[in-house]
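# Descriptive analysis of the structure
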Amino acid sequence: MGASRVLEPELLDELAADDPRARASRRDLARINFVMRQPAIMAKLLRPLPAPRRLADLGSGDGRFLLDVARRLAPRWPGVTALIVDRQNIVSPETRAAFAALGWTCQTITGDIFEVMPGLDADIVTANLFLHHLDDAALTRLFALAEKASAFIACEPRRSPLALLASRMVFALACNDVTRHDAVASVRAGFAGRELSRLWPDQGWRLREKMAFPFTHVFTAQRDAV
């Protein structure tokens, strides 16, 4: 792998929401999230924070990832409004009902991320396997818009030889052609070192960036107490 990020289009982003290959790939992603322990990692990062009124998950897709996180946090964080932010509204009635059973409210916010972020009223903003879609200029723009929140937490692909090797093995999870392509592309566009911290407007923020588990790169920005 080269030292720099390499961004290329991912197939899932180009498919219609109801395309059978897209549906299969979203199911694949749920399995990959489980194997990578993404919901557990995200919940661990969120747990020490004060319970939010509203939590926004960027690029949240069908909302199942945030639901898995909510199941881990609901006993400590009652009555949270979960904002599912995505270009498509594909959250199923079953997922909404599962949020409600936890005592959480699920709302969808549909549109381009840069159009909806200015009006996003959230105490905490999260992103799971989303930031790697953006180049540095777009990330800088996004981070500037996210400063209204008290915390920003991201779990992204780790750009490393080990992660690249693992991405080429997702066929072992019975993943389809879309997921097999996108897994490799995601790692090539992933992060290492302090690449995200360097883009954050860090005045008044505590930043952390590191590897979690073998394949995940985590970034946290928490506003300093006033």
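Residues numbered from 1 in each chain as written. Predicted model: local features only at pLDDT ≥ 70, side-chain atom pairs only at ≥ 80, totals over all residues. Heavy atoms only, no water.

### A few points about the sheet that holds strand β6 (residues 205-212)
Note the cut-off: By definition, two strands form a pair when at least two bridges between them are found by DSSP. Counting from the N terminus, the helices are the DSSP runs of H or I reaching at least four residues and the strands are the DSSP runs of E reaching at least two. All axes here are fitted lines through C-alpha atoms, helices being fitted over the stretch that makes contact, and every angle between N-to-C directions spans 0 to 180 degrees. Any two residues whose heavy atoms approach within 4.5 Å at even a single point are treated as in contact.
Read from one edge to the other, the open sheet built from seven strands follows the order β3-β2-β1-β4-β5-β7-β6, with strand pairing classed as mixed. Both edges of this open sheet fall to β3 (105-110) and β6, since each of them pairs with a single strand only. With direction set aside, neighbouring strand axes in the sheet form an average angle of 15 degrees. In this sheet, strand β2 (residues 81-86) lies alongside strand β1 (residues 54-58) in parallel orientation, the contact comprising five bridges. Looking at β2, one finds that D57 is bridged to I84. Packed onto the sheet, helix α3 (residues 38-46) meets β1, β4 (124-128), β5 (151-157), β6 and β7 (216-223) and runs at close to 155 degrees relative to β5.

### Notes on the pattern of salt bridges
Between side chains of opposite charge, pairing is possible as soon as their charged atoms come close. Note the cut-off: The salt bridge criterion pairs a side-chain nitrogen of Lys or Arg with a carboxyl oxygen of Asp or Glu, the two atoms within 4 Å. Burial status follows relative accessibility: with a 1.4 Å probe on protein chains alone, a residue under 20% of its type maximum counts as buried, one over 50% as exposed, and anything between as partly exposed.
In the structure shown here, the tally under the stated rule is 10 salt bridges. Residue R53 pairs with D121 through a salt bridge whose shortest N-O separation is 3.5 Å. Taken as a pair, R53 in the loop between α3 and β1 and D121 in the loop between α6 (113-116) and β4 lie far apart in primary sequence, 68 residues in all. Residue classification places R53 among the partly exposed residues on the basis of a relative accessible area of 48%. Through salt bridges that share partners, R53, R54, D121 and D123 make up one connected network.

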